[in-house]
Amino acid sequence: MKINEIILRHIKMDLLHPFTTSVGTEYDKDVLIIEAKTDSGYSGWAESVSIKEPIYNEETIGTNLPIMKDFLFPLVLEEALDHPSEVAERFRSIRGNFNAKAAVEQAVWDAYAKEEGRTLSEVLGGTKKEIDVGVSIGITETKEALLEKVRDFIDAGYKRIKVKVKPGWDIDVLEAIRETFPDIELMADANCAYTLEDIDHLKKFDRFGLMMIEQPLDHDDIIDHAKLQKHLQTPICLDESLHTKEDVRKAVELDSCRIVNLKVGRVGGLTETLAIHDLCMEKNIPMWCGGMLETGIGRAHNIAITSLEGFTYPGDTAPSSHYWERDIISPAVEMKDGIIHVPDRPGIGYEPDGDYIETITLYKERFTSIRK
Ligand code: MG
(Lines give C-alpha, C1' and ligand atoms only; values in the text may rest on other atoms or scores of the structure.)
Protein backbone atom coordinates (compact mmCIF):
# COMPACT_ATOMS: atom_id res chain seq x y z
CA MET A 1 0.00 0.00 0.00
CA LYS A 2 1.05 3.58 -0.55
CA ILE A 3 -0.08 6.53 1.56
CA ASN A 4 0.17 9.53 -0.74
CA GLU A 5 -1.72 12.14 1.24
CA ILE A 6 -2.38 12.89 4.90
CA ILE A 7 -4.98 15.42 6.01
CA LEU A 8 -4.60 16.83 9.51
CA ARG A 9 -7.65 18.44 11.09
CA HIS A 10 -7.99 20.19 14.43
CA ILE A 11 -11.63 20.02 15.51
CA LYS A 12 -13.51 21.17 18.59
CA MET A 13 -16.44 19.34 20.17
CA ASP A 14 -18.56 20.18 23.21
CA LEU A 15 -18.83 17.47 25.85
CA LEU A 16 -22.40 16.73 26.89
CA HIS A 17 -21.30 16.76 30.54
CA PRO A 18 -18.06 18.12 32.09
CA PHE A 19 -15.71 15.33 33.20
CA THR A 20 -13.67 15.71 36.43
CA THR A 21 -10.76 13.55 37.59
CA SER A 22 -8.10 14.04 40.28
CA VAL A 23 -6.11 16.14 37.76
CA GLY A 24 -8.78 18.52 36.39
CA THR A 25 -12.08 19.11 34.60
CA GLU A 26 -12.77 18.95 30.86
CA TYR A 27 -15.70 20.90 29.38
CA ASP A 28 -15.04 20.58 25.68
CA LYS A 29 -12.61 18.64 23.59
CA ASP A 30 -10.11 19.79 21.00
CA VAL A 31 -9.07 16.81 18.90
CA LEU A 32 -6.53 16.21 16.14
CA ILE A 33 -7.98 13.97 13.46
CA ILE A 34 -5.75 12.19 10.95
CA GLU A 35 -6.96 11.03 7.54
CA ALA A 36 -4.42 8.92 5.63
CA LYS A 37 -5.27 8.46 1.94
CA THR A 38 -3.95 5.61 -0.17
CA ASP A 39 -3.12 5.76 -3.87
CA SER A 40 -5.98 3.27 -4.41
CA GLY A 41 -8.51 5.80 -3.07
CA TYR A 42 -9.12 4.59 0.49
CA SER A 43 -9.07 6.84 3.57
CA GLY A 44 -7.92 5.62 6.97
CA TRP A 45 -8.96 7.62 10.03
CA ALA A 46 -7.69 8.01 13.57
CA GLU A 47 -7.38 10.63 16.28
CA SER A 48 -4.79 11.71 18.80
CA VAL A 49 -5.81 11.26 22.43
CA SER A 50 -3.78 14.35 23.38
CA ILE A 51 -5.66 17.21 24.97
CA LYS A 52 -4.70 20.87 25.32
CA GLU A 53 -2.87 20.53 28.64
CA PRO A 54 -0.03 18.12 29.58
CA ILE A 55 -1.95 16.75 32.59
CA TYR A 56 -2.48 13.11 31.60
CA ASN A 57 0.94 12.71 30.04
CA GLU A 58 3.50 15.19 28.72
CA GLU A 59 1.99 15.46 25.24
CA THR A 60 -0.49 18.09 24.10
CA ILE A 61 -2.22 19.00 20.86
CA GLY A 62 0.39 21.72 20.57
CA THR A 63 3.30 19.27 20.86
CA ASN A 64 1.67 16.73 18.52
CA LEU A 65 1.58 19.15 15.60
CA PRO A 66 5.31 19.70 14.96
CA ILE A 67 6.16 16.06 15.74
CA MET A 68 3.63 14.88 13.18
CA LYS A 69 4.49 17.43 10.52
CA ASP A 70 8.26 17.38 10.84
CA PHE A 71 8.90 13.71 11.59
CA LEU A 72 5.98 11.27 11.44
CA PHE A 73 4.16 12.28 8.25
CA PRO A 74 7.35 12.27 6.14
CA LEU A 75 8.18 8.76 7.41
CA VAL A 76 4.77 7.46 6.34
CA LEU A 77 4.63 9.32 3.04
CA GLU A 78 8.17 8.51 1.85
CA GLU A 79 7.72 4.93 0.62
CA ALA A 80 5.11 2.25 0.06
CA LEU A 81 4.34 -0.20 2.89
CA ASP A 82 3.66 -3.93 2.75
CA HIS A 83 1.90 -3.89 6.10
CA PRO A 84 0.89 -1.22 8.66
CA SER A 85 3.16 -2.78 11.32
CA GLU A 86 6.06 -1.26 9.34
CA VAL A 87 4.94 2.19 10.45
CA ALA A 88 5.91 1.44 14.06
CA GLU A 89 9.28 0.26 12.73
CA ARG A 90 9.81 3.54 10.88
CA PHE A 91 8.83 5.51 13.99
CA ARG A 92 11.23 3.59 16.25
CA SER A 93 13.99 6.21 16.04
CA ILE A 94 11.60 8.93 17.29
CA ARG A 95 11.60 8.89 21.09
CA GLY A 96 8.39 9.20 23.12
CA ASN A 97 5.49 11.11 21.56
CA PHE A 98 3.26 8.04 21.88
CA ASN A 99 -0.08 9.79 21.26
CA ALA A 100 1.17 11.44 18.09
CA LYS A 101 2.69 8.22 16.76
CA ALA A 102 -0.45 6.22 17.55
CA ALA A 103 -2.74 8.63 15.72
CA VAL A 104 -0.72 8.42 12.51
CA GLU A 105 -0.12 4.67 12.76
CA GLN A 106 -3.78 3.86 13.49
CA ALA A 107 -4.94 5.82 10.44
CA VAL A 108 -2.65 3.64 8.31
CA TRP A 109 -4.07 0.45 9.89
CA ASP A 110 -7.61 1.60 9.06
CA ALA A 111 -6.62 2.40 5.48
CA TYR A 112 -4.95 -1.01 5.18
CA ALA A 113 -8.01 -2.86 6.49
CA LYS A 114 -10.23 -0.97 4.02
CA GLU A 115 -7.91 -1.80 1.12
CA GLU A 116 -8.08 -5.45 2.14
CA GLY A 117 -11.87 -5.26 2.42
CA ARG A 118 -11.66 -6.58 5.99
CA THR A 119 -12.64 -5.20 9.37
CA LEU A 120 -9.96 -3.65 11.56
CA SER A 121 -10.93 -6.19 14.21
CA GLU A 122 -10.14 -9.04 11.79
CA VAL A 123 -6.79 -7.71 10.65
CA LEU A 124 -5.78 -7.25 14.30
CA GLY A 125 -6.77 -10.85 15.08
CA GLY A 126 -9.94 -10.00 17.03
CA THR A 127 -12.29 -12.91 17.70
CA LYS A 128 -15.19 -11.40 19.64
CA LYS A 129 -18.29 -10.24 17.78
CA GLU A 130 -19.61 -8.25 20.70
CA ILE A 131 -17.93 -6.52 23.61
CA ASP A 132 -19.00 -5.72 27.17
CA VAL A 133 -19.07 -2.06 28.07
CA GLY A 134 -18.22 -0.32 31.33
CA VAL A 135 -18.48 3.32 32.26
CA SER A 136 -16.17 5.75 33.99
CA ILE A 137 -17.79 8.30 36.29
CA GLY A 138 -15.92 11.50 37.08
CA ILE A 139 -15.83 13.22 40.46
CA THR A 140 -19.21 14.82 41.17
CA GLU A 141 -20.32 17.71 43.41
CA THR A 142 -21.98 15.46 45.97
CA LYS A 143 -22.14 11.80 46.95
CA GLU A 144 -25.86 11.83 46.19
CA ALA A 145 -25.20 13.01 42.64
CA LEU A 146 -22.71 10.17 42.18
CA LEU A 147 -25.15 7.56 43.50
CA GLU A 148 -27.76 8.85 41.11
CA LYS A 149 -25.34 8.48 38.21
CA VAL A 150 -24.39 4.96 39.27
CA ARG A 151 -28.10 4.07 39.37
CA ASP A 152 -28.68 5.53 35.89
CA PHE A 153 -25.73 3.67 34.38
CA ILE A 154 -26.65 0.36 36.00
CA ASP A 155 -30.19 0.82 34.65
CA ALA A 156 -28.73 1.58 31.21
CA GLY A 157 -27.01 -1.81 31.29
CA TYR A 158 -23.34 -0.96 31.83
CA LYS A 159 -21.41 -4.05 32.92
CA ARG A 160 -19.11 -2.32 35.38
CA ILE A 161 -18.81 1.00 37.12
CA LYS A 162 -15.52 2.82 37.52
CA VAL A 163 -15.35 5.82 39.81
CA LYS A 164 -12.61 8.39 39.96
CA VAL A 165 -11.17 8.78 43.47
CA LYS A 166 -8.74 11.13 45.21
CA PRO A 167 -7.88 11.91 48.85
CA GLY A 168 -11.07 13.25 50.44
CA TRP A 169 -13.25 11.59 47.78
CA ASP A 170 -12.70 7.90 48.27
CA ILE A 171 -13.63 5.74 51.29
CA ASP A 172 -16.94 7.49 52.06
CA VAL A 173 -17.86 7.43 48.41
CA LEU A 174 -17.06 3.75 47.92
CA GLU A 175 -18.86 2.96 51.17
CA ALA A 176 -21.99 4.74 49.96
CA ILE A 177 -21.91 2.95 46.60
CA ARG A 178 -21.44 -0.46 48.24
CA GLU A 179 -24.30 0.16 50.69
CA THR A 180 -26.67 0.88 47.83
CA PHE A 181 -25.23 -1.50 45.23
CA PRO A 182 -23.56 -4.38 47.10
CA ASP A 183 -23.11 -6.63 44.06
CA ILE A 184 -22.11 -4.46 41.12
CA GLU A 185 -18.75 -4.81 39.39
CA LEU A 186 -16.97 -1.79 40.82
CA MET A 187 -13.48 -0.34 40.48
CA ALA A 188 -11.68 2.88 41.40
CA ASP A 189 -9.26 5.00 39.37
CA ALA A 190 -6.97 7.34 41.33
CA ASN A 191 -5.07 8.91 38.41
CA CYS A 192 -1.86 9.05 40.54
CA ALA A 193 -3.45 10.86 43.50
CA TYR A 194 -1.74 8.95 46.36
CA THR A 195 1.75 8.19 47.69
CA LEU A 196 3.28 5.31 49.64
CA GLU A 197 2.51 7.27 52.81
CA ASP A 198 -1.12 6.44 52.13
CA ILE A 199 -0.62 2.64 52.44
CA ASP A 200 -2.78 2.33 55.56
CA HIS A 201 -5.45 4.46 53.96
CA LEU A 202 -5.39 2.50 50.69
CA LYS A 203 -5.69 -0.80 52.61
CA LYS A 204 -9.20 0.35 53.57
CA PHE A 205 -10.17 -0.02 49.90
CA ASP A 206 -9.91 -3.81 50.31
CA ARG A 207 -13.20 -4.07 52.14
CA PHE A 208 -15.19 -2.92 49.11
CA GLY A 209 -14.40 -5.96 46.95
CA LEU A 210 -13.21 -3.82 44.05
CA MET A 211 -12.24 -5.46 40.77
CA MET A 212 -9.09 -3.34 40.90
CA ILE A 213 -7.62 0.00 41.89
CA GLU A 214 -6.15 1.82 38.96
CA GLN A 215 -2.90 3.84 39.07
CA PRO A 216 -2.94 4.87 42.74
CA LEU A 217 0.67 6.18 42.71
CA ASP A 218 2.86 8.33 40.48
CA HIS A 219 2.40 8.49 36.70
CA ASP A 220 5.86 7.10 35.96
CA ASP A 221 6.22 4.64 38.84
CA ILE A 222 6.45 0.86 38.79
CA ILE A 223 8.60 0.37 41.93
CA ASP A 224 6.34 1.82 44.62
CA HIS A 225 3.28 0.18 43.09
CA ALA A 226 4.97 -3.19 43.73
CA LYS A 227 5.57 -2.19 47.36
CA LEU A 228 1.95 -1.12 47.68
CA GLN A 229 0.58 -4.29 46.06
CA LYS A 230 2.20 -6.37 48.85
CA HIS A 231 -0.12 -4.62 51.33
CA LEU A 232 -3.32 -4.82 49.27
CA GLN A 233 -5.68 -7.63 48.39
CA THR A 234 -7.25 -5.47 45.69
CA PRO A 235 -5.35 -5.97 42.42
CA ILE A 236 -3.50 -2.91 41.15
CA CYS A 237 -4.07 -1.98 37.53
CA LEU A 238 -1.61 0.34 35.83
CA ASP A 239 -2.50 2.96 33.24
CA GLU A 240 -0.26 6.06 33.10
CA SER A 241 2.97 4.13 33.87
CA LEU A 242 2.83 1.78 30.87
CA HIS A 243 4.02 3.00 27.45
CA THR A 244 5.64 -0.05 25.89
CA LYS A 245 5.67 -3.83 25.99
CA GLU A 246 8.93 -3.54 27.96
CA ASP A 247 7.22 -1.38 30.59
CA VAL A 248 4.50 -4.02 30.93
CA ARG A 249 7.05 -6.84 31.17
CA LYS A 250 8.93 -5.05 33.96
CA ALA A 251 5.75 -4.10 35.83
CA VAL A 252 4.45 -7.68 35.70
CA GLU A 253 7.81 -9.12 36.78
CA LEU A 254 7.89 -6.78 39.76
CA ASP A 255 4.20 -7.49 40.57
CA SER A 256 3.48 -3.76 40.24
CA CYS A 257 0.31 -4.57 38.36
CA ARG A 258 -1.95 -7.58 38.02
CA ILE A 259 -4.21 -6.01 35.41
CA VAL A 260 -3.36 -3.79 32.44
CA ASN A 261 -5.38 -0.83 31.22
CA LEU A 262 -4.48 -0.56 27.55
CA LYS A 263 -4.86 2.74 25.75
CA VAL A 264 -3.68 2.61 22.16
CA GLY A 265 -2.66 6.27 22.22
CA ARG A 266 -0.61 5.82 25.37
CA VAL A 267 1.49 2.99 23.87
CA GLY A 268 2.16 4.50 20.46
CA GLY A 269 -0.26 2.52 18.32
CA LEU A 270 -1.80 -0.80 17.36
CA THR A 271 1.43 -2.68 16.66
CA GLU A 272 2.65 -2.11 20.23
CA THR A 273 -0.87 -2.88 21.48
CA LEU A 274 -0.67 -6.31 19.81
CA ALA A 275 2.76 -6.97 21.33
CA ILE A 276 1.45 -6.06 24.81
CA HIS A 277 -1.64 -8.19 24.21
CA ASP A 278 0.48 -11.26 23.39
CA LEU A 279 2.67 -10.72 26.45
CA CYS A 280 -0.36 -10.36 28.72
CA MET A 281 -1.91 -13.52 27.27
CA GLU A 282 1.33 -15.40 27.95
CA LYS A 283 1.57 -14.07 31.52
CA ASN A 284 -2.16 -14.45 32.28
CA ILE A 285 -2.59 -10.74 32.91
CA PRO A 286 -6.15 -9.58 32.15
CA MET A 287 -6.51 -6.44 30.05
CA TRP A 288 -9.18 -3.90 29.29
CA CYS A 289 -9.36 -0.87 27.06
CA GLY A 290 -9.27 2.52 28.77
CA GLY A 291 -10.94 5.62 27.41
CA MET A 292 -9.66 9.12 26.73
CA LEU A 293 -13.01 10.80 25.95
CA GLU A 294 -12.51 9.85 22.31
CA THR A 295 -14.74 10.90 19.43
CA GLY A 296 -16.40 8.10 17.50
CA ILE A 297 -13.26 7.62 15.43
CA GLY A 298 -11.02 6.79 18.39
CA ARG A 299 -13.87 4.83 19.97
CA ALA A 300 -14.14 2.67 16.84
CA HIS A 301 -10.44 1.76 17.16
CA ASN A 302 -11.04 0.89 20.83
CA ILE A 303 -13.93 -1.38 19.91
CA ALA A 304 -11.72 -3.18 17.38
CA ILE A 305 -8.94 -3.89 19.90
CA THR A 306 -11.40 -4.89 22.60
CA SER A 307 -12.48 -7.68 20.25
CA LEU A 308 -9.12 -9.36 20.94
CA GLU A 309 -9.22 -12.37 23.25
CA GLY A 310 -7.04 -10.88 26.02
CA PHE A 311 -9.40 -7.97 26.69
CA THR A 312 -11.33 -9.82 29.34
CA TYR A 313 -12.78 -6.95 31.39
CA PRO A 314 -15.30 -4.39 30.13
CA GLY A 315 -13.61 -1.23 28.82
CA ASP A 316 -14.45 2.47 28.91
CA THR A 317 -15.98 2.20 25.45
CA ALA A 318 -19.31 3.86 26.21
CA PRO A 319 -21.56 4.73 23.24
CA SER A 320 -21.46 8.09 21.41
CA SER A 321 -24.54 9.44 23.19
CA HIS A 322 -22.76 9.16 26.53
CA TYR A 323 -20.29 11.89 25.54
CA TRP A 324 -21.57 13.89 22.58
CA GLU A 325 -24.67 15.67 21.41
CA ARG A 326 -23.64 14.64 17.93
CA ASP A 327 -20.76 12.31 17.14
CA ILE A 328 -18.58 12.67 14.04
CA ILE A 329 -19.25 9.18 12.71
CA SER A 330 -22.17 7.43 11.11
CA PRO A 331 -23.76 5.32 12.41
CA ALA A 332 -23.14 6.42 16.01
CA VAL A 333 -21.71 3.79 18.38
CA GLU A 334 -24.76 2.17 19.97
CA MET A 335 -24.94 0.05 23.11
CA LYS A 336 -27.72 -2.33 24.10
CA ASP A 337 -27.83 -4.11 27.47
CA GLY A 338 -24.20 -3.18 28.08
CA ILE A 339 -23.02 -4.69 24.78
CA ILE A 340 -21.63 -3.12 21.61
CA HIS A 341 -21.59 -5.19 18.44
CA VAL A 342 -18.23 -5.12 16.67
CA PRO A 343 -19.08 -3.66 13.24
CA ASP A 344 -18.71 -5.91 10.19
CA ARG A 345 -18.00 -3.11 7.72
CA PRO A 346 -14.39 -2.74 6.47
CA GLY A 347 -11.83 -0.83 8.51
CA ILE A 348 -13.00 0.85 11.72
CA GLY A 349 -16.54 0.14 10.53
CA TYR A 350 -18.00 3.61 11.08
CA GLU A 351 -18.00 6.34 8.43
CA PRO A 352 -16.61 9.75 9.48
CA ASP A 353 -19.23 12.42 8.78
CA GLY A 354 -17.18 14.66 6.48
CA ASP A 355 -19.73 17.48 6.18
CA TYR A 356 -20.20 17.76 9.91
CA ILE A 357 -16.47 17.46 10.61
CA GLU A 358 -15.92 20.39 8.21
CA THR A 359 -18.24 22.60 10.30
CA ILE A 360 -16.28 21.98 13.52
CA THR A 361 -12.80 22.18 11.98
CA LEU A 362 -10.63 24.99 13.35
CA TYR A 363 -7.61 24.21 11.20
CA LYS A 364 -6.80 21.87 8.32
CA GLU A 365 -3.63 21.09 6.42
CA ARG A 366 -2.73 18.63 3.66
CA PHE A 367 0.57 16.79 3.37
CA THR A 368 1.52 14.88 0.25
CA SER A 369 4.36 12.60 -0.68
CA ILE A 370 7.12 14.16 -2.70
CA ARG A 371 7.69 10.99 -4.71
CA LYS A 372 4.43 9.74 -6.19
MG1 MG B 1 -6.92 5.69 34.30
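Residues numbered from 1 in each chain as written. Predicted model: local features only at pLDDT ≥ 70, side-chain atom pairs only at ≥ 80, totals over all residues. Heavy atoms only, no water.

A.B. asks: Could you give me a rundown of the environment of K143, with the residues and numbers involved?
C.D. replies: Mapped onto the fold, K143 is located in helix α5 (residues 143–156). In the structure, K143 is positioned 29 residues away from D172 in sequence and 8.5 Å away in space, judged by C-alpha atoms. Not counting the four nearest positions on each side in its chain, K143 is found in contact with W169, D172, V173 and A176. (Helix = DSSP H or I, 4+ residues; strand = E, 2+ residues; numbered from the N terminus. Contact = heavy atoms within 4.5 Å.)

A.B. asks: Break down the packing of helix α1 (residues 61–77) against helix α3 (residues 98–116) for me, citing the residues and quoting the values.
C.D. replies: For any two helices packed against each other, one specifies the inter-axial angle together with the distance between the axes. Look at α1 against α3: their axes get within 9 Å of each other, and the N-to-C directions meet at 40°. Taken together, α1 and α3 sit at an angle that is classed as oblique. Crossing hand, α1 versus α3: right-handed. Contact residues: α1 offers N64, I67, M68, L72, F73 and V76, while α3 offers N99, A100, K101, A103, V104 and V108. Taken together, the residues of the contact of α1 with α3 sort by class into nine nonpolar, two polar and one charged. (Axes fitted to C-alpha atoms, helices over the stretch in contact; angles between N-to-C directions. Parallel < 35°, antiparallel > 145°, perpendicular 65-115°, else oblique. Left-handed = near helix turned anticlockwise from the far one by under 90°. Nonpolar A, V, L, I, M, F, W, Y, C, P; charged D, E, K, R; others polar.)

A.B. asks: Residues and numbers for the coordination of the magnesium ion, please.
C.D. replies: As a benchmark, a tetrahedral metal site with four donors has ideal angles of 109.5 degrees, while an octahedral site with six donors has ideal angles of 90 or 180 degrees. Every protein donor of the magnesium ion is accounted for by D189 (OD), E214 (OE) and D239 (OD), and the metal-donor separations fall at 2.2 to 2.4 Å. Mapping the donors of the magnesium ion onto the primary sequence gives the spacing D-x24-E-x24-D. Taken together, the positions of E214 in strand β8 (residues 213–214) and D239 in the loop between β9 (236–238) and α9 (245–254) put the pair 25 residues apart, joining distant regions of the chain. For E214, a relative accessible area of 0% translates into the label buried. Residue classification places D239 among the buried residues on the basis of a relative accessible area of 0%. (Donors = N, O, S within 2.8 Å, 3.2 Å for Na, K, Ca; no water. Buried < 20%, exposed > 50% of the residue type's maximum accessible area, 1.4 Å probe, protein only.)

A.B. asks: Would you mind going over the domain arrangement of the chain in detail, with residue names and values included?
C.D. replies: Along its sequence, the chain is organised into domain 1 (3–117 + 361–368) and domain 2 (122–341). On the domain 2 side, the residues contacting the 33 residues of domain 1 number 41 residues. Surface buried jointly by domain 1 and domain 2 totals about 3,100 Å² across both partners, of which 69% is contributed by carbon and sulfur atoms. Where domain 1 packs against domain 2, one counts zero salt bridges. At the surface where domain 1 touches domain 2, the tally comes to 13 residue pairs in polar contact (both at pLDDT 80 or more). Secondary structure elements with two or more residues in the side of domain 1 that touches domain 2: β1 (3–21), β2 (24–38), β3 (43–47), α2 (85–91) and α3. The greatest single-element share of the side of domain 1 that touches domain 2, amounting to ten residues, is contributed by α3. Of the residues that constitute the side of domain 1 that touches domain 2, the class distribution is 19 nonpolar, seven polar and seven charged. (Domains from an automatic or database assignment. Buried area = accessible area lost by both parts, 1.4 Å probe. Salt bridge = Lys/Arg side-chain N within 4 Å of Asp/Glu carboxyl O. Polar contact = N/O pair within 3.5 Å; in protein donor to acceptor, adjacent residues only side chain to side chain.)

A.B. asks: I'd like to hear about the nonpolar core, residue by residue, with values.
C.D. replies: Counting 115 residues, the largest nonpolar core has I3, M68 and F205 as its most contacted members. Looking at this core, you find at least three residues from each of domain 1 (3–117 + 361–368) and domain 2 (122–341). Apart from residues no more than four positions distant in its own chain, I3 is found in contact with A36, K37, T38, V76, L77, L81, V108, A111 and S369. In this structure, M187, M211, C237 and I259 belong to the second largest nonpolar core, which totals six residues. (Core = buried A, V, L, I, M, F, W, Y, C linked by side-chain atoms within 4.5 Å.)

A.B. asks: Explain the side chain of H243 to me, using residue names and the numbers behind them.
C.D. replies: Structurally, H243 is set in the loop between β9 and α9. A distance of 3.3 Å separates a polar atom in the side chain of H243 from the backbone oxygen of E240. Engagement of the side chain of H243 in a polar contact is seen with the backbone oxygen of R266, the distance being 3.3 Å. Apart from the residues lying within four places of it in its own chain, the contact partners of H243 are F98, R266, V267 and E272.

A.B. asks: Lay out the sheet that holds strand β15 (residues 361–368) with the relevant residues and their values.
C.D. replies: Strand order in this open sheet of four strands is β3-β2-β1-β15, and the pairing throughout is antiparallel. Lying at the two open borders of the sheet, with one neighbouring strand each, are β3 and β15. Within the sheet, the average angular offset between the axes of one strand and its neighbour, ignoring direction, is 20°. Pairing geometry for β1 and β15, over seven bridges, is antiparallel. Its bridge partner lying in β15, I6 is registered against F367. The strands that α3 touches are β1, β2 and β3; relative to β3, the one it contacts most, it runs at about 150°. (Pairing = 2+ DSSP bridges.)

A.B. asks: Can you explain unusual backbone geometry? Please cite residues and give values.
C.D. replies: Each neighbour pair has its own omega, and for S330 with P331 the value is -5°, a cis peptide bond. By secondary structure assignment, the location of P331 is in the loop between β12 (329–330) and β13 (339–341). The backbone of L293 sits at a positive phi, close to 50°, despite the residue not being glycine. Position of L293 relative to the elements: it lies in the loop between β11 (287–289) and α11 (296–306). Judged by relative accessible area, L293 falls into the buried class, the value being 8%.

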